[in-house]
Number of protein chains: 2
Amino acid sequence: MSLPQPLPDQLIELIARRFRVIGEPMRIKLLDSLREREASVSVLCEVTGASQQNVSKHLGVLLEAGIVGRRKEGNQVFYSIVDESIFRLCEEVCGGLQRQVAELNAIVAGVGR
Amino acid sequence: MSLPQPLPDQLIELIARRFRVIGEPMRIKLLDSLREREASVSVLCEVTGASQQNVSKHLGVLLEAGIVGRRKEGNQVFYSIVDESIFRLCEEVCGGLQRQVAELNAIVAGVGR
DNA sequence: TACTTTATCAACTATTCAGTTGTGTAGTTG
DNA sequence: CAACTACACAACTGAATAGTTGATAAAGTA
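Residues numbered from 1 in each chain as written. Chains lettered and ligands numbered in written order. Predicted model: local features only at pLDDT ≥ 70, side-chain atom pairs only at ≥ 80, totals over all residues.

Trainee: I'd like a rundown of the sheet that holds strand 3 (residues 76-81) of chain A, residues and numbers included.
Mentor: Strand pairing in a sheet takes place through backbone hydrogen bonds and is either antiparallel or parallel in direction. Pairing is antiparallel in the open sheet, where three strands are placed in the order 1-3-2 (chain A). Only two strands of the sheet have a single neighbouring strand rather than two, namely strand 1 (39-40) and strand 2 (68-73) of chain A. (Pairing = 2+ DSSP bridges. Helix = DSSP H or I, 4+ residues; strand = E, 2+ residues; numbered from the N terminus.)

Trainee: Describe the protein's contact with DNA strand D, with residues and values.
Mentor: As a matter of local geometry, DNA strand D sits amid 23 residues, with Ser40, Val41, Ser42 and Ser56 of chain A together with Gly74 of chain B nearest to it. Every element with two or more residues in the surface near DNA strand D is listed here: helix 3 (41-48), helix 4 (52-64) and strand 3 of chain A together with helix 4 (52-64) of chain B. The greatest single-element share of the surface near DNA strand D, amounting to five residues, is contributed by helix 4 of chain A. Split into classes, the residues belonging to the surface near DNA strand D amount to six nonpolar, 13 polar and four charged. (Near = placed C-beta within 6 Å. Nonpolar A, V, L, I, M, F, W, Y, C, P; charged D, E, K, R; others polar.)

Trainee: Tell me about the sheet that holds strand 1 (residues 39-40) of chain B, and name the residues and values.
Mentor: All names here are of chain B. Pairing is antiparallel in the open sheet, where three strands are placed in the order 1-3-2. Both outer strands of the open sheet, strand 1 and strand 2 (68-73), are each paired with one neighbouring strand and no more. Here strand 1 runs beside strand 3 (residues 76-81); their pairing, made up of two bridges, is antiparallel. Bridging from a neighbouring strand, serine 40 pairs with phenylalanine 78 of strand 3.

Trainee: Break down the relation of the copies chain A and chain B for me, citing the residues and quoting the values.
Mentor: In screw terms, the move from chain A to chain B is a rotation of 180° and a rise of 0.0 Å along the axis, fitting with an RMSD of 0.1 Å. Both copies are brought into coincidence by an operation consistent with a two-fold rotation axis. (Least-squares fit on C-alpha atoms with pLDDT ≥ 70 in both.)

Trainee: Explain the protein's contact with DNA strand C to me, and be specific about the residues and the numbers.
Mentor: Lining the immediate environment of DNA strand C, one finds 21 residues, of which Gln53 and Gly74 of chain A together with Val41, Ser42 and Ser56 of chain B sit closest. Contributing elements (two or more residues each) for the surface near DNA strand C: helix 4 of chain A together with helix 3 (41-48), helix 4 and strand 3 of chain B. It is helix 4 of chain B that contributes the most residues to the surface near DNA strand C, five residues altogether. Its residues assigned to classes, the surface near DNA strand C comprises five nonpolar, 13 polar and three charged.

Trainee: Can you explain the nonpolar core? Please cite residues and give values.
Mentor: Ile15, Phe19 and Leu30 of chain A together with Ile15, Phe19 and Leu30 of chain B are the most contacted members of the largest nonpolar core, which totals 42 residues. Put simply, the parts of the chain that give this core at least two residues each are helix 1 (9-21), helix 2 (25-33), helix 4 and helix 5 (85-111) of chain A together with helix 1 (9-21), helix 2 (25-33), helix 4 and helix 5 (85-111) of chain B. Not counting residues up to four positions away in its chain, the partners in contact with leucine 30 of chain A are Leu44, Thr48, Val55, His58, Leu59 and Leu62 of chain A. (Core = buried A, V, L, I, M, F, W, Y, C linked by C-beta atoms within 7 Å. Buried ≥ 20, exposed ≤ 12 C-beta atoms within 10 Å, placed from the backbone. Contact = placed C-beta atoms within 7 Å.)

Put into structure tokens, the structure is as follows:
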């Protein structure tokens, strides 16, 4: 995919909104917990250590963004990853972070030369 | 690159911070303006229509995050992209958005069937 | 020197939003 | 039915931050 130049304002807004949705530690944690398999809200509360209301709220944000899906079963609700590209984004970011750390490392190592 | 499972909290924090930095329309606009070539603060003000102080502030955030670099020349300062992975992130997000829109489109089209 | 341009810093305002508290609503169980 | 479980909604509080305003600093120019 190639991006138009310049980016239209509305698209910029959409992109920014998307990044803000995943720019929240708790939501990344939830997504990470859902990486292997779907999970109920109560399980996600245990895993993350957050309150039920808080987890529910964040899941709502992720649901509205189309990143996760939900499935009801009895009186439980199971959430699962719908948009797998989220993890590619995280990997890309981690790659960038690693490059930065490597550069810093090279600079620090150079001082002792 | 493959991510560890589960993600350590500190890494989650770093990833989230990174996403928040680019989760701001004005900063995306600035990065978009720098895609082709470096630019001075004043030029970036014209392009974005934002105040000098505001542009300078956002550039400071991007600089601290290691996404852009700066170069002084006379009484001007030129900023340029250092971390090109930013654009891959935007492309990935746009791809996700397009898939969502396509799905919506399919659903809407199905109604009139 | 005095003045202009360019960029940054600092303080303030307004907004956004994460997390909590309290409550409501299904669904299940005794 | 009542009691319980699982989840969501709404209102509130506090913290972070985007954008403005005013002042300061640095470089070039008359």
